[in-house]
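The chain contents come next:
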2 protein chains.
Amino acid sequence: MGTSLEPTHIDFPAERRPDPNHSDCRSVASILARVGDKWSVFVIMMLSDGPKRFNELKRMINGISQRMLTLTLRGLERDGLVTRTIFPTIPPRVDYELTDLGRGLQQPVKALGEWAMTHQDQIAAARTRFDERNGG
Amino acid sequence: MGTSLEPTHIDFPAERRPDPNHSDCRSVASILARVGDKWSVFVIMMLSDGPKRFNELKRMINGISQRMLTLTLRGLERDGLVTRTIFPTIPPRVDYELTDLGRGLQQPVKALGEWAMTHQDQIAAARTRFDERNGG
DNA sequence: CAGGATCCATTTTGATACTG
DNA sequence: CAGTATCAAAATGGATCCTG
């Protein structure tokens, strides 16, 4: 392989750990890690309106390499967010589609995207100020 | 320095670019990139209930290195999400606090966290299934 | 078409030592 | 206490070639 899809380990202080023997925040962290992944978010968005083929996605997300698209899709498939359907034709055809779980995730992701959308100016301004006061 | 806080470049296909001359998705991507950042999310969460000092945060987020906490806080400060207040005492004291912008971001982030919370079992199960069918 | 395998460059992170 | 500086290790990503 070469690339691990495993999340990084995070220790949470006892006072913050929600439930001692049910679920610590590690699993949540690993999920956030996938959402945080640049490409995952875009793939999820691109699959909003129905299934897509591999190269179709590759063209839609201009700039992603074949390798990264493969890796991203594998990760999403592993998490049960996307299904992979192979049509045994020649040439081969593979469809990727959001699962119910994936569609559920889309909602909070969209909310985040919309927040980013509506506040991008404020953030850009803050960055400029910071860079001026600083690096200037 | 050594570490760039700049987002990675993303090209969007013309059909998907929301508005040609106002804002392409790059800025949104750069915001998502910060949220996607493992540590940023946790720092934002830890600052929910008021300002915190550097080492206080470091203890709360067990596992983060001093270096990464510094870098993370700088990034959040640059984006206008947290403020940094220095008390010129000896020993020095520095407080970090969420801005209004930061508190606003907390909402969608929390939504995402809650989704992750409530679906972690499904995802864990999916991962196990995938790993069994696969690596097995 | 849809990848798998390799190799290499860049980024990111951690450990460690030092400072006002 | 709250960092900065430096170095080494590890993760990540792209380019390229190959295959059913």
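This structure is a prediction, so every number in the text was calculated from the model and none was measured. (Residues numbered from 1 in each chain as written. Chains lettered and ligands numbered in written order. Predicted model: local features only at pLDDT ≥ 70, side-chain atom pairs only at ≥ 80, totals over all residues. Heavy atoms only, no water.)

**Section: the sheet that holds strand β2 (residues 82-87) of chain B**
Residue and element names in this part refer to chain B.
- Spatial strand order, β1-β3-β2: three strands in an open sheet with antiparallel pairing. In the strand order of this sheet, the two ends are held by β1 (52-53) and β2, each with one partner.
- Strand direction decides the pairing type here: β2 and strand β3 (residues 93-98), joined by six bridges, are antiparallel. Bridged to V82 within β3 is L98. (Pairing = 2+ DSSP bridges. Helix = DSSP H or I, 4+ residues; strand = E, 2+ residues; numbered from the N terminus.)

**Considering the relation of the copies chain B and chain A**
- Superposition record for chain B on chain A: RMSD 0.1 Å, screw rotation 180°, translation along axis 0.0 Å. Such a combination of rotation and displacement between the chain copies is what one expects of a two-fold axis. No C-alpha of chain B lies nearer the rotation axis than that of G36 of chain B, which sits 1.5 Å from it.
- Mapped onto chain A, 95% of the interface residues of chain B again fall at the interface, so both copies present the same surface. (Least-squares fit on C-alpha atoms with pLDDT ≥ 70 in both. Contact = heavy atoms within 4.5 Å.)

**Observations regarding the sheet that holds strand β2 (residues 82-87) of chain A**
- The strand order across the open sheet formed by three strands is β1-β3-β2 (chain A), and the pairing between neighbours is antiparallel. Strand pairing shows two members of the sheet lacking a second neighbour, β1 (52-53) and β2 of chain A, which therefore form its edges.

**A short note on the protein's contact with DNA strand D**
- Residues in contact with DNA strand D amount to 19 residues; listed here are only the nearest, R67 and M68 of chain A together with Q66, R84 and Y96 of chain B.
- The sugar-phosphate portion of DNA strand D accounts for 62% of its atoms within 4 Å of the protein, the bases making up the rest.
- Contact distances for DNA strand D include 3.3 Å between a phosphate oxygen and a side-chain N or O atom of R74 of chain B.
- When residues of the surface near DNA strand D are traced back to their parent elements, those giving at least two are α4 (66-78) of chain A together with α3 (54-60), α4 (66-78) and β3 of chain B. (Near = heavy atom within 4 Å. Polar contact = N/O pair within 3.5 Å; in protein donor to acceptor, adjacent residues only side chain to side chain.)

**Details of the interface of chain B and chain A**
- Taken together, the contact between chain B and chain A spans 55 residues of the former and 52 residues of the latter.
- Between chain B and chain A, roughly 4900 Å² of surface is buried when both sides are summed, and carbon and sulfur atoms account for 69% of that area.
- The largest share of the area that chain B buries against chain A comes from R78, W115 and R127 of chain B, three residues that together contribute 15% of it.
- At the junction of chain B with chain A, the criterion picks out four salt bridges.
- For R78 of chain A, the salt bridge identified is with D131 of chain B, shortest N-O distance 2.5 Å.
- On inspection of chain B and its partner chain A, the count reaches eight residue pairs in polar contact (both at pLDDT 80 or more).
- The set of elements that each furnish at least two residues to the side of chain B that touches chain A consists of α1 (25-36), α2 (38-46), α3, α4 and α5 (100-133) of chain B.
- Looking at the side of chain B that touches chain A residue by residue, the class counts come to 29 nonpolar, 13 polar and 13 charged. (Buried area = accessible area lost by both parts, 1.4 Å probe. Salt bridge = Lys/Arg side-chain N within 4 Å of Asp/Glu carboxyl O. Nonpolar A, V, L, I, M, F, W, Y, C, P; charged D, E, K, R; others polar.)

**As for the confidence of the model for chain A**
- Summarising the model, chain A shows a mean pLDDT of 84, and 81% of its residues fall at 70 or more.
- Contacts for the low-pLDDT stretch residues 1-23 of chain A, under 50 throughout, to residues beyond four places or in other chains number 36 contacts. (pLDDT = per-residue confidence, 0-100.)

**Some words on the protein's contact with DNA strand C**
- Close to DNA strand C lie 20 residues, the nearest being Q66, R84 and Y96 of chain A together with R67 and M68 of chain B.
- Restricting attention to atoms of DNA strand C within 4 Å of the protein, one finds that 60% of them are sugar or phosphate atoms.
- Contact between DNA strand C and R84 of chain A: a phosphate oxygen at 2.5 Å from a side-chain N or O atom of the residue.
- At a separation of 3.3 Å, a base nitrogen of DNA strand C approaches a polar side-chain atom of R67 of chain B.
- At the level of secondary structure, the elements contributing two or more residues to the surface near DNA strand C comprise α3 (54-60), α4 and β3 (93-98) of chain A together with α4 of chain B.
- Element by element, the count of residues in the surface near DNA strand C is highest for α4 of chain A, at four residues.
- Partitioning the surface near DNA strand C into residue classes produces seven nonpolar, eight polar and five charged.

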